[in-house]
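Topology and contacts: notes
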Amino acid sequence: MKIKEIKELETKDLAERIKEEVAKYNQMKLNHAITPLENPSLIKAARRDIARMKTVLRERELNK
């Protein structure tokens with residue numbers, strides 16, 4: 001997900017999206033521990049997307 005797309009989301013939607021992505025990320029890690037994923041770089045990409053979303057959310061909190 002691009003930073004531009006993240007910034008377009010409303011704060012409430014962004015918080016919900018973070019929860020969803022964290023759940024997906026944790027499931028991916030668990031699945032990878034049991035049987036290796038075909039593309040393990042997806043785990044890294046998911047972690048970075050979550051970090052981007054949390055960064056934008058924090059920026060909004062500080063700018064209030």
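Refer to the structure presented above.
The shown structure was predicted, so the numbers you read here are calculated from the model rather than taken from an experiment. (Residues numbered from 1 in each chain as written. Predicted model: local features only at pLDDT ≥ 70, side-chain atom pairs only at ≥ 80, totals over all residues. Heavy atoms only, no water.)

Digging into the overall build of the chain
- Broken down by element type, the chain carries three helices and zero strands.
- Each helix and strand of the chain, ordered N terminal to C terminal, gives the series α-α-α.
- By its C-alpha atoms, the chain is 45 × 15 × 15 Å across when sized along the principal axes.
- Across the 64 residues that make up the chain, the buried fraction comes to 22%.
- Considering only contacts in the chain between residues 6 or more positions apart, those separated by 24 or more positions represent 68%.
- Here the chain displays about 5100 Å² of accessible surface, and carbon together with sulfur accounts for 52% of that area.
- Of the charged side chains in the chain, 16 are positive and 11 negative; the average position of the first set lies 6 Å away from that of the second. (Helix = DSSP H or I, 4+ residues; strand = E, 2+ residues; numbered from the N terminus. Buried < 20%, exposed > 50% of the residue type's maximum accessible area, 1.4 Å probe, protein only. Contact = heavy atoms within 4.5 Å. Areas by Shrake-Rupley, 256 points an atom, 1.4 Å probe, with all protein chains shown as cover. Lys, Arg positive; Asp, Glu negative; His and termini not counted. Charge placed at Lys NZ, Arg CZ, Asp CG, Glu CD.)

So, the pattern of salt bridges
- Counting across every chain of the model gives four salt bridges.
- Residue Lys 24 pairs with Glu 21 through a salt bridge whose shortest N-O separation is 3.4 Å. Here Glu 21 and Lys 24 lie together in helix 2 (residues 11–34), a separation of three residues that amounts to about one turn.
- Sharing partners across several salt bridges, the network here consists of Arg 17, Glu 21 and Lys 24. (Salt bridge = Lys/Arg side-chain N within 4 Å of Asp/Glu carboxyl O.)

Things to note about the environment of Lys 44
- As for its position among the elements, Lys 44 is in helix 3 (residues 41–62).
- Once the C-alpha coordinates of Lys 44 and Lys 19 are considered, the two residues, 25 residues apart in sequence, prove to be 17 Å apart.

Points about the nonpolar core
- Core analysis: the largest hydrophobic core is formed by six residues, namely Ile 6, Leu 14, Ile 18, Met 53, Val 56 and Leu 57.
- For this core, the secondary structure elements donating two or more residues are helix 2 and helix 3.
- The biggest single contributor to this core is helix 3, with three residues.
- Apart from the residues lying within four places of it in its own chain, the contact partners of Val 56 are Ile 3, Ile 6, Lys 7 and Leu 14.
- In this structure, Tyr 25, Met 28, Ile 43 and Ala 46 belong to the second largest nonpolar core, which totals five residues. (Core = buried A, V, L, I, M, F, W, Y, C linked by side-chain atoms within 4.5 Å.)

Bear in mind that shape data such as this cannot, by itself, settle questions of function.
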